[in-house]
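Chain by chain, the residues run as shown.
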Amino acid sequence: MTMENAYENIDWRLLILIAGMMAFGQAMTDSGAADLVAGAVVKALLPLGSLAVLAGFAVLAMLLTQQMSNAAAALVILPVALRAAETLALNPHTFAITVMLSASVAVLTPFEPSCLLVYGPGKYRFRDYFKVGGYLAVIKLLVILVLVPKYWPLHLKG
């Protein structure tokens, strides 16, 4: 592959979107919006435990990735989740891995490119994705919320 061929095959729209979302995530941190959102999630879910807070960010990432690329969704939610982990003195790695994996759960809508490929030829309807994808999303999130804290413990030692 030549360099010219490589440049022609780059999806520049995706790179621009990701760069914009990186700037958006940084702006959320700099403006204090990340603190506000993190505080709201923590306040609502902390009475249920630290795993519930982690689950809240997993669900946020999963819902956001339905409308945009998973990389962009992760870049928006990640600074907020890391701020919450810092505030609660929890392991930031656990939050980062959970957000990144949860942002890959794009099965509720046909907007994900691989879902779009089968949408027309399979004669699927929008609600078919929600019906089947809903169960699949719940299963994926449960697996993430069980396995990630197992390998990256939620609570920091000492």
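My aim in this report is to walk through the structure given alongside it, one point at a time. What you see is a predicted model; the values in this text were computed from it and never measured.

1. Points about the overall build of the protein
Item 1. Counting secondary structure elements, the protein contains eight helices and zero strands.
Item 2. Reading the protein from its N terminus to its C terminus gives the helix and strand order α-α-α-α-α-α-α-α.
Item 3. Seen along its three principal axes, the alpha-carbon backbone of the protein occupies a region of about 50 × 40 × 30 Å.
Item 4. Considering only intrachain contacts with a sequence separation of at least 6, the fraction spanning at least 24 residues in the protein is 69%.
Item 5. Total accessible area on the protein stands at roughly 9700 Å², and carbon and sulfur atoms take up 71% of it.
Item 6. Charged side chains of the protein number 10 positive and 8 negative; the gap between the two group centres comes to 17 Å.

2. Some points on the nonpolar core
Item 1. The biggest cluster of nonpolar side chains holds 34 residues, and the ones touching the most others in it are Phe57, Met62, Val80, Phe95, Val99, Val105 and Ala137.
Item 2. Of all elements in the fold, only helix H3 (33-45), helix H4 (50-64), helix H5 (70-88), helix H6 (92-102) and helix H8 (126-151) reach the threshold of two or more residues within this core.
Item 3. The element that contributes the greatest number of residues to this core is H5, accounting for nine residues.
Item 4. Residues contacting Ala137, with those up to four places away along its chain left out, are Met62, Val105, Val107 and Leu108.

3. A look at the pattern of salt bridges
Item 1. Summed over all chains, the structure comprises one salt bridge.
Item 2. Between Arg125 and Asp128 there is a salt bridge, with the nearest N and O atoms lying 3.7 Å from each other.
Item 3. Residue class for Asp128 comes out buried when judged on its relative accessible area of 17%.

4. Considerations on the packing of aromatic side chains
Item 1. In the structure shown here, the tally under the stated rule is two aromatic pairs.
Item 2. Look at Phe57 and Phe95: their rings are 6.0 Å apart centre to centre, the planes differ by 65°, and that puts the pair in the edge-to-face class. Pair noted here: Phe57 is in helix H4 and Phe95 is in helix H6, with a separation of 38 residues, a long-range link. Summarising the burial analysis for this pair, Phe57 and Phe95 share the class buried.
Item 3. Taken together, a centroid distance of 6.0 Å and an interplanar angle of 70° make the contact between Tyr124 and Tyr129 edge-to-face.
Item 4. Residue classification places Tyr124 among the partly exposed positions, given a relative accessible area of 40%.
Item 5. On the accessibility criterion, Tyr129 (10% relative accessible area) is buried.

5. As for H5
Item 1. Here H5 is 19 residues long and its end C-alpha atoms lie 26 Å apart, about the 27 Å a rise of 1.5 Å per residue gives.
Item 2. The largest bend in H5 amounts to roughly 35° and is located at Ile77, with the proline Pro79 lying one to four residues further along.
Item 3. One or two residues past the end of H5 sits Ala89, with phi positive at roughly 55°.

6. A closer look at a nonpolar patch on the surface
Item 1. A cluster of nonpolar side chains, Met3, Tyr7, Ile10, Trp12, Leu15 and Ile16, forms an exposed patch at the surface whose accessible area comes to about 650 Å².
Item 2. Those elements that place two or more of their residues in the nonpolar patch are helix H1 (3-8) and helix H2 (12-31).
Item 3. No other element matches the three residues that H2 contributes to the nonpolar patch.
Item 4. The class for Trp12 is partly exposed, based on a relative accessible area of 44%.

The rules we used
- Residues numbered from 1 in each chain as written.
- Predicted model: local features only at pLDDT ≥ 70, side-chain atom pairs only at ≥ 80, totals over all residues.
- Heavy atoms only, no water.
- Helix = DSSP H or I, 4+ residues; strand = E, 2+ residues; numbered from the N terminus.
- Contact = heavy atoms within 4.5 Å.
- Areas by Shrake-Rupley, 256 points an atom, 1.4 Å probe, with all protein chains shown as cover.
- Lys, Arg positive; Asp, Glu negative; His and termini not counted.
- Charge placed at Lys NZ, Arg CZ, Asp CG, Glu CD.
- Core = buried A, V, L, I, M, F, W, Y, C linked by side-chain atoms within 4.5 Å.
- Buried < 20%, exposed > 50% of the residue type's maximum accessible area, 1.4 Å probe, protein only.
- Salt bridge = Lys/Arg side-chain N within 4 Å of Asp/Glu carboxyl O.
- Phe/Tyr/Trp six-rings, centres within 6.5 Å; stacked < 30°, edge-to-face > 60°.
- Expected span 1.5 Å × (residues − 1).
- Bend = angle between axes of the 7 residues up to and from the residue.
- Patch = residues over 30% accessible without salt bridge, like charges linked within 9 Å, V, L, I, M, F, W, Y side chains within 5 Å.

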